[in-house]
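Topology and contacts: notes
These are the residues of each chain, in order.
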Amino acid sequence: MTLEDLGWNKFFAGEFASYDGQGLVAGRLIRETKINFSALLEGDEEIDCVLGGKVWHEAETDADLPAVGDWVALDRGAEGDEAIIRGRLPRSSRFSRKVPGKSAQEQVIAANVDIVVVVTDPGPDHSPRRIERYLMLIERCGAKPVVLLNKADLFAEEHCAAAARELRELSEMAEIHVTSALESQGLEVLRGYLRPGVTITLVGSSGVGKSTLVNQLLGGEWQETSEVNEVTGRGRHTTSHRELIVLPEGGLLIDNPGVREIQMWTDEETLRESFADVEALTARCRFSDCKHQQDAGCAIEAAVEEGRLDPERYESYLQLEEEIEELNRRRRKRRMATERWAKRNSRVKARNLADRIELEKEERGET
Ligand SMILES: Nc1nc2c(ncn2[C@@H]2O[C@H](COP(=O)(O)OP(=O)(O)OP(=O)(O)O)[C@@H](O)[C@H]2O)c(=O)[nH]1
Ligand SMILES: [Mg+2]
Ligand SMILES: [Zn+2]
């Protein structure tokens, strides 16, 4: 396997040049646990590595720290030692979300991704509102958005088609497909995207079939995802950590633990872009400070009444603005707090680490 098969290109080669002459090697992070990372190197070699002090100290926020999918400069050290991450190369893209809970921190879900695949189903997980948020996040990160309505085998064809139609109305950019991972239906769509060096990350709620999809694409030889583990008798296998998998025919897949809440990690600009049509209507409201909630002469409400604007889209628009406001408020608060903490640098870092551990626990459903 060459570095190119792992997604290396001219951009990363150019960035890596600043490490020339330091005896470092390039690797791509494929796994991240509480204390260390695993990286893949040229020629299929997988090694364990730890964060170097300089990278740790220079990270201003958690989002600056290496994440799965990142390219890093590694110091291999002596035989048998863990390699040390001496630098993280700039990212060509990053897919992030807001850290769950009250903090306004950004969490990088996957770095250097070309395509983000949101997996959902046409039944209990179906929620255009949530998919709309995902699509905004993907748009912002610059990756290609794809949505899979999985588990099609459990639902009537007409039901799946209706759910797909509903999602297609959300975005012109996103591709929406109906699949059944269990019956290997519609997977040629994903196979079509998977070319050597192309990185795809799978996101979505727990239990929608992300790992099953990865497993099918790998030919059924990867993680166990069965309903009940015959040995322990316990429930289904739920993914506990992010992992980047290299497919034998080329292409890279990042499997993620299911996210319980996908919160906005975006800004006002993205909001306005995604709701350009609704925003255009606001210009025609009678009052410039119209709240679009039973205000006299509201053009948005008129559009809903006349059937020109989907009422749910209108609701999302109202709600999203509130969330952006909340996000900005938390950010301001956090910035103030960070300035105060700056003097106690080491304690801030310790706190960030504690947050990270909490976050991982939450992802594993331990809290
Ligand atoms: N009927 C049906 N079941 C499916 C399909 N895809 C996955 N499943 C089942 O759904 C359950 C959950 O699948 P997983 O692949 O573990 O789901 P996941 O999205 O990886 O879940 P987390 O790792 O918890 O985020 C398993 O029992 C799968 O067998 C499908 O297309 N049809
Ligand atoms: Mg999984
Ligand atoms: Zn209005």
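Report follows, based on the coordinates.

Rules behind the numbers
Residues numbered from 1 in each chain as written. Chains lettered and ligands numbered in written order. Predicted model: local features only at pLDDT ≥ 70, side-chain atom pairs only at ≥ 80, totals over all residues. Helix = DSSP H or I, 4+ residues; strand = E, 2+ residues; numbered from the N terminus. Buried ≥ 20, exposed ≤ 12 C-beta atoms within 10 Å, placed from the backbone. Pairing = 2+ DSSP bridges. Core = buried A, V, L, I, M, F, W, Y, C linked by C-beta atoms within 7 Å. Domains from an automatic or database assignment. Contact = placed C-beta atoms within 7 Å. Near = placed C-beta within 6 Å. Nonpolar A, V, L, I, M, F, W, Y, C, P; charged D, E, K, R; others polar. Expected span 1.5 Å × (residues − 1). Arc of directions from axis to C-beta.

Along its length, the protein chain carries eleven helices and 13 strands. Taken over 367 residues, the protein chain has a buried fraction of 34%.

The next subject is the pairing of strand E1 (residues 25-32). The element E1 is extensively covered by neighbouring structure, given that six of its eight residues are classed as buried. Summarising the sheet, E1 and strand E4 (residues 71-75) pair through four bridges and their orientation is antiparallel. Among the inter-strand pairings, Arg28 is bridged to a residue of E4, identified as Trp71. Here E1 pairs with strand E2 (residues 37-40) via four bridges, running antiparallel. Within E2, the position partnered with Arg31 by the bridge is Ser38.

This part takes up the nonpolar core. Grouped together as the largest cluster of nonpolar side chains are 64 residues, with contacts concentrated most on Phe95, Val116, Val117, Val147 and Leu202. Among the elements that take part in this core, helix H3 (residues 128-141) stands out by supplying seven residues, more than any other. When residues of this core are assigned to domains, at least three fall in each of domain 1 (4-88) and domain 2 (94-255). Those residues in contact with Val147, other than ones at most four positions away along the chain, are Val118, Thr120, Ile131, Leu167, Ala174 and Ile176.

Around ligand 1, 22 residues are found, and the nearest of them are Gly209, Ser211, Thr238, Thr239 and Gly258. Split into classes, the residues belonging to the shell around ligand 1 amount to five nonpolar, twelve polar and five charged.

With that settled, the discussion passes to helix H4 (residues 157-168). The terminal C-alpha atoms of H4, which comprises twelve residues, lie 16 Å apart, in line with the 16 Å expected from a rise of 1.5 Å per residue. Every buried residue of H4 is listed here: Cys160, Ala163 and Leu167. In an axial view of H4, the angular spread of the buried residues amounts to 65°, which keeps them on one side of the axis. Of the exposed residues in H4, the ones pointing more than 90 degrees away from its buried face are Glu157, Glu158 and Arg165.

A word on the environment of Glu243. Mapped onto the fold, Glu243 is located in strand E12 (residues 243-246). For the pair formed by Glu243 and Gly69, sequence separation is 174 residues and the distance between their alpha carbons is 8.8 Å. In contact with Glu243, other than residues within four places in its own chain, are Ile30, Arg31, Ile254 and Asp255.

Attention now goes to the environment of Glu166. With respect to the element layout, Glu166 can be found in helix H4. In this structure the C-alpha to C-alpha distance between Glu166 and Ile176, which are ten residues apart in sequence, comes to 9.9 Å.

A separate point is H3. Across its 14 residues, H3 extends 20 Å between first and last C-alpha, which sits within 8% of the 20 Å expected from 1.5 Å per residue. Most of H3 sits out of view: ten of its 14 residues are buried. Residues of H3 that are buried include every one of Ile131, Glu132, Arg133, Tyr134, Leu135, Met136, Leu137, Ile138, Arg140 and Cys141, and no others. Once H3 finishes, Gly142 follows within two positions and takes phi at roughly 85°, a positive value.

Put simply, side chains in a regular strand alternate between the two faces of the sheet. Counting buried positions along E4 yields four of five residues, so the element is predominantly enclosed. Note: E4 against strand E5 (residues 83-88), four bridges, orientation antiparallel. The partner of Asp75 across the bridge, within E5, is Ile84.

Turning next to unusual backbone geometry. For Ser184, which is not glycine, the phi dihedral falls at a positive 55°. Residue classification places Ser184 among the partly exposed positions, given that 13 C-beta atoms sit within 10 Å. The phi dihedral of Gln294 is positive, around 60°, even though this residue is not glycine. Here Gln294 falls in the exposed class, since 7 other C-beta atoms lie within 10 Å of it.

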